[in-house]
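Breakdown of the fold
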Amino acid sequence: MRFVLLSGILFGATSIAAKIYAASYSGTVTTLRRSDESLRGQSIVVEFGQVNSNGSLTMLDVLDTLPGPATKKNCSKSRQYDQLSSEASAVTAYTFDSASAHLNKTQEFTYQIPAAGPVPDRQDVSHPHGAIVDPTGRFVVVPDLGMDKIHIFKICPSSSLLLPQTPLVVNPGSGPRHAVFWIPKTRVGSVDNTFLYLVSELDNTFSAFKSHYTHNSLTFAKVHKENTYGGNAAPSGSKVSGIQISPGNERIMVSNRGDATFGEGSDTFAVFTCFTANGNGDMNVSSVGLFPAYGSFPREFDFNENNGTIVVALQNSHEVAVIQWNEQTRSPGKLISKKSLDGEIPAAIWGP
């Protein structure tokens, strides 16, 4: 199985998001450039690449991994990467050698469950689905859809190795999928008022956890949970997918697949309140509403920090869409442009 590893090389702290990179189950990564009226693209097959000045990608390395790689995350300044294998029930750590442009596997954690969970067709084995680095850079959390757990790792400061901690156990049958950390913008460097927002696929829920830090550990206390349809029953067959924080730091947005709320083949984004940008707002999270995703099965999406636009991968529509973020209503707005691509599209991100 080949694994596409891009974002740690594509994006630096000072990069300006000017292009879109979209992954397809057909085995390609496509570079898209925005024009005033459309998206234009060039498709490139890549396993491990760097970005050229014109936005194209050059392959640097091909890495064999366990079956079913789901995602990866750059988790430390020492070029340590985590990769998740959903099918192989594993979390694997790699280091990146900048001199040779090669990845070297350093650790591998595999998980087994004694019996299938409450949703046996999805919880017969462990399914790690995302790797999220906490705001301090000291911990990594990994939602596991199959085990109803969030694995927690401490990053060893001297070796950058992952040290397993006591996992967070969530509701049976919920199927945790993806998560994001939130901190007030005015308190960078402080661990006070750090929250983890989680979406769980199997019960279509959105949860908030207060983070508690000690010198050697990270634990969580649940403070909120509701479904991703504002308290209404989730449509049959719908499944929550991605989650991101809005550019203003005051909204949480998640993508719902297969609900057809806005018509056949037109699924939704759900938006929730959180703290204000300064961290002084009401702690109670509430649903703002549902908004069109302009296609079928919205998977991963990404905010452009420069202009607030959203790029979303529309898996079953075989499209990438760019959507306006309305700063006045603090919610998704009109469709700006769309681009059809080959194959199902699970991920799209902004890049330089």
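Residues numbered from 1 in each chain as written. Predicted model: local features only at pLDDT ≥ 70, side-chain atom pairs only at ≥ 80, totals over all residues. Heavy atoms only, no water.

What counts, and what does not: UniProt positions are given in the numbering used here, feature names are shortened, and annotations may be inferred rather than shown by experiment.
The record held by UniProt for the protein chain lists under Sequence similarities (unreviewed entry) the comment "Belongs to the cycloisomerase 2 family."

Overview of the overall build of the protein chain
Counted only if it meets this: We count a stretch as a helix when DSSP gives it H or I for four or more residues in a row; a strand needs E for two or more, and each element gets its number in order from the N terminus. The classification of residues rests on relative accessible area computed with a 1.4 Å probe and restricted to protein chains. Under 20% of the type maximum is buried, over 50% is exposed, and intermediate values are partly exposed. Each accessible area is a Shrake-Rupley estimate made with a 1.4 Å probe; only the visible protein chains count as cover when residues are assessed.
When helices and strands are counted, the protein chain shows 1 helix and 27 strands. The proportion of buried residues among the 352 residues of the protein chain is 53%. Accessible surface, the protein chain: about 14,800 Å² in total, of which carbon and sulfur atoms supply 48%.

Side note on the packing of aromatic side chains
Inclusion rule: The rule is short: rings of Phe, Tyr and Trp, with Trp giving its six-membered ring, pair when the centres are within 6.5 Å, and they are stacked under 30 degrees, edge-to-face over 60, tilted in between.
The tally for this structure, following the rule as stated, stands at 10 aromatic pairs. Between the aromatic rings of Phe109 and Phe153, the centroid separation amounts to 5.0 Å while the plane-to-plane angle is 50 degrees, which identifies the pairing as tilted. Of the two residues, Phe109 sits in strand S9 (residues 102-110) while Phe153 sits in strand S12 (residues 149-155), which places them 44 residues apart along the sequence. What makes Phe153 buried here is its relative accessible area of 1%. Where Tyr197 meets Phe206, the ring centres are 5.7 Å apart and the plane angle is 5 degrees; that geometry is what we call stacked. The same class applies to Tyr197 and to Phe206, which are both buried.

What about the nonpolar core?
To be explicit about the condition: Residues enter a nonpolar core if they are buried and are Ala, Val, Leu, Ile, Met, Phe, Trp, Tyr or Cys, with the set joined through side-chain atoms within 4.5 Å. Here a residue-residue contact requires only that any non-hydrogen atoms of the pair lie within 4.5 Å.
The biggest cluster of nonpolar side chains holds 16 residues, and the ones touching the most others in it are Tyr197, Phe206, Ile243, Ile252, Val254 and Phe272. Elements represented by at least two residues in this core include exactly strand S15 (176-182), strand S16 (195-200), strand S17 (205-213), strand S19 (239-245), strand S20 (251-257) and strand S21 (268-273). Residues in contact with Val254, not counting those within four places in the same chain, are Val199, Phe206, Thr228, Val240, Gly242, Ile243, Thr268, Phe269, Ala270, Phe272 and Phe301. With 15 residues, the next largest nonpolar core counts Ile132, Leu196, Leu218 and Phe220 among its residues.

Observations concerning the pattern of salt bridges
Put simply, the rule reads: Any Lys or Arg side-chain nitrogen found within 4 Å of a carboxyl oxygen on Asp or Glu counts as a salt bridge.
The final tally for this structure, using the stated rule, is 6 salt bridges. One salt bridge connects Lys105 with Glu108, and the closest N-O pair in it is separated by 3.3 Å. Residue Glu108 is classed as partly exposed on the basis of its relative accessible area, which comes to 36%. In this structure, Lys225 engages Asp203 in a salt bridge whose closest nitrogen and oxygen atoms are separated by 3.3 Å.

Re the sheet that holds strand S22 (residues 287-292)
We count it as follows: Two strands pair if DSSP finds at least two bridges between them. Inter-axis angles, ranging from 0 to 180 degrees, are taken between N-to-C directions of lines fitted to C-alpha atoms, where helices are fitted over the stretch in contact.
Sheet architecture is open: 4 strands sit in the order S19-S20-S21-S22, paired in antiparallel fashion. What marks the edges here is a single partner per strand, and that holds for S19 and S22. Across the sheet, the axes of successive neighbouring strands diverge by a mean angle of 25 degrees, strand direction being ignored. The pairing of S19 with S20 spans 5 bridges and is classified as antiparallel.

Considering the sheet that holds strand S18 (residues 218-227)
Taken in spatial order, the 4 strands of this open sheet run S15-S16-S17-S18, and their pairing is antiparallel. Of all the strands in the sheet, the pair left with one neighbour each is S15 and S18. On average, each strand axis in the sheet is tilted by 25 degrees relative to the strand beside it, whichever way the strands run. Relative to S17, S16 runs antiparallel, the two sharing 6 bridges. By the bridge assignment for S17, Ser200 is matched with Thr205.

Here we look at the side chain of Thr194
Within the secondary structure, Thr194 is located in the loop between S15 and S16. Beyond its immediate stretch of four places on either side in the chain, Thr194 contacts Pro135, Phe181, Trp182, Ile183, Phe209, Lys210, Ser211 and Tyr213.

Side note on the environment of Tyr25
Spelled out, the test is: Two N or O atoms count as a polar contact when they lie within 3.5 Å, although within protein this holds only if one can serve as hydrogen donor and the other as acceptor, and sequence-adjacent residues are included solely when both atoms are side-chain atoms.
For Tyr25, the position within the fold is in the loop between strand S1 (19-23) and strand S2 (29-34). Residues in contact with Tyr25, not counting those within four places in the same chain, are Arg299, Gln315, Glu344 and Pro346. A distance of 3.2 Å separates the side chain of Tyr25 from the side chain of Arg299, its partner in a polar contact.

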